[in-house]
Amino acid sequence: MSKVCVVGAGFVGSTVAQYVAEKDYADVVLIDVLEGIPQGKSLDMHQVAPINSHGRKIFGTNNYADTAGSDVVVITAGIARKPGMSRDDLLKTNAGIVQSVAKEAVKHSPDAIFIVVTNPLDVMTYLTFKTTKLPAKRVIGMAGVLDSARFATFISMELGMSAEDVKAMVLGGHGDLMVPLPRFSSVNGVPIPELISKERIEEICKRTANGGAEIVALLKAGSAWYAPGASAAQMVGSILHDKNRLLPCAVYADGQYGLKDVYVGLPAVLGREGVKKIVELKLNDDEMAALKKSAQSIRENIDVMNQLLVAV
Ligand code: APR
C-alpha cells in the first residue's frame, strides 16, 4: 500500500492530499507545525471517501514518526507569496523552513522520492537535494507541470477549443524567465504556430510567465493552490504507478542542455525510481538562450541562498 507524506497542511498541501487520495494513488499523511490543522483537515477529507467512493486514508499529524516509510514526500511547507512580493523575496524564510522539514522527513523515509513545491521552487529543490543527500533522480521540483497547464489553458481560451486536447511545454525556472515553447505545444498534434499568430503567441507566453502573479493579484492574500496541488498529484501518480510520463519538472542538470549543478525545468520521464531520463529537445538559438538565461538567474539565487544559510 503506497504512502505519501505531504509536509505543510496549507492550501497547496491539503489540495495535494485531496487529489492523491481521490485519484487512488496512495494513503496520505499530512504534517504541519500548527496543532490541530493537519488533523482537522485530514479528518474532513477522509470523510469524503464514502461520498466519492475511495478507500484511501488521510491522516493528520505534527509528528514525523507518523510519516515513516513514505514512498513519496511532497514539501509544501513555507509562506506563500503576498501581493507585490516576488517568488525570490520568499527565499530567506522558506529556505530555513524547507531545510528543517527535509531533514526530518528523510530521516523517517530514507527511500522516498521528494517532490518540492515551496517557492522559490528551483532553489528550494536544490536545497532539498543538498539537505537530504539523496540521489538527484529522487529529488524533483513541481513547476513545469503547472506552468505548462497554465500555458495550455490560455491556448484553449484563445482558440475556443477544449483544454483536453492541448498539450503544452514550458521549460526553465518557475519565475518571470520561464521558457514557454510554442513549437513544442499543440492541439491534438497541430502545432500552436499553425493556429495562433506570432503576436498573440507572444502575449500568451507573457501571461503564462505572469500566471502565478495574476492569481496573487486577484486573491490579494495567498497564492494559487488548485492547479499547483493537481500538478504535484499528477507527478505523484506518474511515480507511484511507474507511468513514465514525460513531464516538464525541475530536475538536476548535470550537463544536459549545457547546464550543470542547477535545478531547472526540463522535460523528464517520471517513474518509480524518480527521474528516469531527461529528454534533450533540439532547441533553436532563441529558445536555448532563454533557457540559459533562466538557469543563470536560478544559479544566482542558489548563490544568494548559500550565503544566507552560511550567515545563519
Ligand atoms: N513544518 C511544517 N509545516 C510548516 C512549517 C514547518 N516548519 N512552516 C510552515 N509550515 C506550514 C504552515 O503552517 C502552513 O500551514 O506550511 C503551510 C503553508 O500553507 P499556506 O500558508 O496555506 O501556503 P500555500 O498556499 O499552501 O503555499 C505553500 O507552495 O506554491 C507554493 O508559493 C507557495 O511556497 C508556498 C507553498
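Calculation criteria
Residues numbered from 1 in each chain as written. Predicted model: local features only at pLDDT ≥ 70, side-chain atom pairs only at ≥ 80, totals over all residues. Heavy atoms only, no water. Helix = DSSP H or I, 4+ residues; strand = E, 2+ residues; numbered from the N terminus. Expected span 1.5 Å × (residues − 1). Buried < 20%, exposed > 50% of the residue type's maximum accessible area, 1.4 Å probe, protein only. Arc of directions from axis to C-beta. Contact = heavy atoms within 4.5 Å. Axes fitted to C-alpha atoms, helices over the stretch in contact; angles between N-to-C directions. Parallel < 35°, antiparallel > 145°, perpendicular 65-115°, else oblique. Left-handed = near helix turned anticlockwise from the far one by under 90°. Nonpolar A, V, L, I, M, F, W, Y, C, P; charged D, E, K, R; others polar. Near = heavy atom within 4 Å. Polar contact = N/O pair within 3.5 Å; in protein donor to acceptor, adjacent residues only side chain to side chain. Areas by Shrake-Rupley, 256 points an atom, 1.4 Å probe, with all protein chains shown as cover. Pairing = 2+ DSSP bridges.

Undergrad: Before we go on, may I ask you to explain helix α7 (residues 198–209) in this structure?
TA: Residues three or four positions apart in an α-helix share a direction because the helix packs 3.6 residues into each turn. If you check α7, its first and last C-alpha atoms are 17 Å apart, about what 12 residues at 1.5 Å a residue would give, namely 16 Å. For α7, the set of buried residues is I201, I204, C205, T208 and A209. One side of α7 carries all its buried residues, which in axial view fall inside an arc of 140°. With respect to the buried face of α7, the exposed residues turned more than 90 degrees away are E199 and K206. Where the residues of α7 are buried, they touch α6 (144–159), β8 (170–171), β9 (179–180) and α8 (211–219).

Undergrad: Please explain the packing of helix α1 (residues 11–22) against helix α9 (residues 226–240) as it appears in this structure.
TA: When two helices pack together, their arrangement is captured by the angle between the axes and the distance separating the axes. Running from N to C, α1 and α9 point in directions that differ by 45°, and their axes come no closer than 8 Å. Here α9 runs oblique to α1, going by the angle between their axes. The hand of the α1/α9 crossing is right-handed. Counted together, V12, T15, V16, Y19 and V20 of α1 and Y226, P228, G229, A230, A232, A233 and V236 of α9 form the full contact between these two elements. By residue class, the composition of the contact of α1 with α9 is 10 nonpolar, 2 polar and no charged.

Undergrad: What is the right way to read helix α5 (residues 121–132) from this model?
TA: For α5, spanning 12 residues, the distance from its first C-alpha to its last is 16 Å, which sits close to the expected 16 Å at 1.5 Å a residue. Where burial is concerned, most of α5 is hidden: 11 out of the 12 residues are buried. Within α5, burial applies to L121, D122, V123, M124, T125, Y126, L127, T128, F129, T131 and T132. Looking one or two places after α5, you find K133, whose phi comes out positive at around 60°.

Undergrad: How should the site of the ligand be read in this particular structure?
TA: Neighbouring residues of the ligand: 20 residues in total, closest F11, V12, D32, T76 and N119. One of the backbone N or O atoms of V12 is found 2.8 Å from an oxygen atom in the ligand. Contact between the ligand and N119: an oxygen atom at 2.9 Å from a side-chain N or O atom of the residue. Its free accessible area being 730 Å², the ligand has 84% of it covered by the protein chains. When contributions to the shell around the ligand are tallied by element, the ones reaching two or more residues are α1 and α4 (91–108). Ranked by residues supplied to the shell around the ligand, first place goes to α4 with 3 residues. Here the residues of the shell around the ligand are counted per class, giving 11 nonpolar, 8 polar and 1 charged.

Undergrad: Hey, could you run me through unusual backbone geometry in this one?
TA: With omega at 0°, the peptide bond leading from N119 into P120 counts as cis. In this structure, P120 sits in the loop between β5 (113–116) and α5. Despite not being glycine, S53 shows a phi value in the positive range, around 55°. One can find S53 in the loop between α3 (49–52) and β3 (58–61).

Undergrad: Would you take a moment to explain the sheet that holds strand β11 (residues 190–191) for this structure?
TA: Backbone-to-backbone hydrogen bonds join strands into a sheet, with any given pair of strands oriented parallel or antiparallel. With antiparallel pairing, 3 strands are arranged side by side in an open sheet as β7-β10-β11. Edge positions in the open sheet fall to β7 (166–167) and β11, since each of these has one partner strand only.

Undergrad: Before we go on, may I ask you to explain the pairing of strand β4 (residues 72–75) in this structure?
TA: Put simply, side chains in a regular strand alternate between the two faces of the sheet. Here β4 shows two buried faces, one formed by V72 and V74 and the other by V73 and I75. Direction of pairing for strand β1 (residues 3–7) relative to β4: parallel, over a ladder of 4 bridges. Bridged to V6 within β4 is V74. With 4 bridges connecting them, β4 and β5 associate as parallel partners. Within β5, the position partnered with V74 by the bridge is I115.

Such coordinate-based values are descriptive only and should not be taken to indicate function.
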